[in-house]
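These are the residues of each chain, in order.
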Amino acid sequence: MSAIVLNEKMEKASELALPEAFSGINPHNLYLYVKSAQAAQRANTATTKGRSEVRGGGKKPWAQKGGGRARAGSRRSPIFVGGGKAFGSKNNHNYDLKVNKKQKKLALNFALNEHAQNGTLFIVDSISVESGKTKDAAAMFKALGQRDTLFVKSLLDEPTFLAFENLHQTYVVESNELNAYLAANYRSIVIEKAVWETLTSEAK
């Protein structure tokens, strides 16, 4: 598998072979990481009141016998309108899923290898929009010919961030923010050469 090296005009200049460590990875590593990342995004705010938390219910609704109806002891019962919720949601649930460091690295390498197989992994010397204008960032993105793209810089400067901020088909992150979830979520990735060299050296 190879990554596509682009020139300043975002045109293909050459190809760069991926290290052997990027191949033969079990895709289950990516599944575990994506599952963990999505679980971490849960707001965990859904909550309901049980029968011990709702108001009212001090008086027995009707007599125990003689009415021809089922016996009832409180209006707070889940069978009544306004009563408590039986087995309702509570916001004290822990959704965190642990993923080992080695699995995180394997998941990212697998995602990058998949992009390389699909021809959507690109390497450039620099990702920079010095003007800070969205139209210049849009021209860079349009030259790629992709539906959406993740741009990975070693250090994100303010003009480049502002230029890409309003492009909903793109997302710019620094190298320390790159993870398998982002890599798998976008249909193409553009990585600065310095960042790519770091990734490949860590994979060996």
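Residues numbered from 1 in each chain as written. Predicted model: local features only at pLDDT ≥ 70, side-chain atom pairs only at ≥ 80, totals over all residues. Heavy atoms only, no water.

Where an unreviewed UniProt entry is consulted, the chain appears under the name Large ribosomal subunit protein uL4, with the organism given as Sulfurimonas autotrophica. As stated in UniProt under Sequence similarities (unreviewed entry), the record for the chain gives "Belongs to the universal ribosomal protein uL4 family." (UniProt positions renumbered as here; feature names shortened; annotations may be inferred.)

All right, on to the nonpolar core then. Within the largest apolar cluster, 32 residues are counted, with the highest numbers of intra-cluster contacts made by Leu112, Leu121, Ile191 and Trp196. Of all the secondary structure elements, the ones that give two or more residues to this core are strand 1 (2-6), helix 1 (28-40), helix 2 (101-118), strand 3 (121-124), strand 4 (149-153), helix 5 (180-185), strand 6 (189-192) and helix 6 (193-203). (Core = buried A, V, L, I, M, F, W, Y, C linked by side-chain atoms within 4.5 Å. Buried < 20%, exposed > 50% of the residue type's maximum accessible area, 1.4 Å probe, protein only. Helix = DSSP H or I, 4+ residues; strand = E, 2+ residues; numbered from the N terminus.)

Packed helices, taken two at a time, are described by the angle their axes make and the gap between the axes. Viewed as axis vectors pointing N to C, helix 1 and helix 2 meet at an angle of 110 degrees, and their least axial separation amounts to 8 Å. Taken together, the axis directions place helix 1 and helix 2 in an arrangement best described as roughly perpendicular. In this structure, helix 1 contributes Asn29, Leu30, Leu32 and Tyr33 to the contact, and helix 2 contributes Gln103, Lys104, Leu106, Ala107, Phe110 and Ala111. Class assignment for the residues of the contact of helix 1 with helix 2 results in 7 nonpolar, 2 polar and 1 charged. (Axes fitted to C-alpha atoms, helices over the stretch in contact; angles between N-to-C directions. Parallel < 35°, antiparallel > 145°, perpendicular 65-115°, else oblique. Contact = heavy atoms within 4.5 Å. Nonpolar A, V, L, I, M, F, W, Y, C, P; charged D, E, K, R; others polar.)

Mapped onto the secondary structure, Ala63 falls in the loop between helix 1 and helix 2. A relative accessible area of 53% means that Ala63 is categorised as exposed. In this structure, the C-alpha to C-alpha distance between Ala63 and Gly73, residues 10 residues apart in sequence, is 9.0 Å.

In this section: the pattern of salt bridges. Here the structure, examined in full by the defined rule, presents 5 salt bridges. Salt-bridge contacts for Arg187 lead to Asp148; the nearest nitrogen and oxygen are separated by 2.6 Å. Separated by 39 residues along the polypeptide, Arg187 in the loop between helix 5 and strand 6 and Asp148 in the loop between helix 3 (134-144) and strand 4 bring together distant segments of the chain. You can call Arg187 partly exposed: its relative accessible area is 43%. Measuring nitrogen to oxygen at the nearest pair gives 3.1 Å for the salt bridge that ties Glu192 to Lys153. In this pair, Glu192 sits in strand 6 while Lys153 sits in strand 4, placing the two residues 39 residues apart along the sequence. Accessibility assignment for this pair places Glu192 and Lys153 in one class, buried. (Salt bridge = Lys/Arg side-chain N within 4 Å of Asp/Glu carboxyl O.)

What follows is about the packing of helix 3 against helix 4 (residues 158-165). With their axes 7 Å apart at the nearest point, helix 3 and helix 4 run at an angle of 75 degrees to one another. Taken together, the axis directions place helix 3 and helix 4 in an arrangement best described as roughly perpendicular. Listed contacts from helix 4 to Thr134, Ala137 and Met140 of helix 3 are Leu162, Ala163 and Phe164.

Take the pairing of strand 4 next. Among the 5 residues of strand 4, 5 are classified as buried, and the element is accordingly described as predominantly covered. Taking every second residue as pointing to the same face, both faces of strand 4 are buried, with Thr149, Phe151 and Lys153 on one and Leu150 and Val152 on the other. Pairing geometry for strand 4 and strand 5 (residues 170-174), over 5 bridges, is parallel. Paired with Phe151 across the bridge in strand 5 is Val172. Traced from strand 4 through helix 4 to strand 5, the parallel crossover comes out right-handed. (Pairing = 2+ DSSP bridges. Right-handed = clockwise from strand over helix to strand, strands pointing away.)

Attention now goes to the sheet that holds strand 6. Pairing is mixed in the open sheet, where 6 strands are placed in the order 2-1-3-6-4-5. Each end of this open sheet is capped by a strand with a single partner; those strands are strand 2 (12-17) and strand 5. Recorded for the sheet is a direction-independent mean angle of 25 degrees between the axes of neighbouring strands. With 5 bridges connecting them, strand 1 and strand 2 associate as antiparallel partners.

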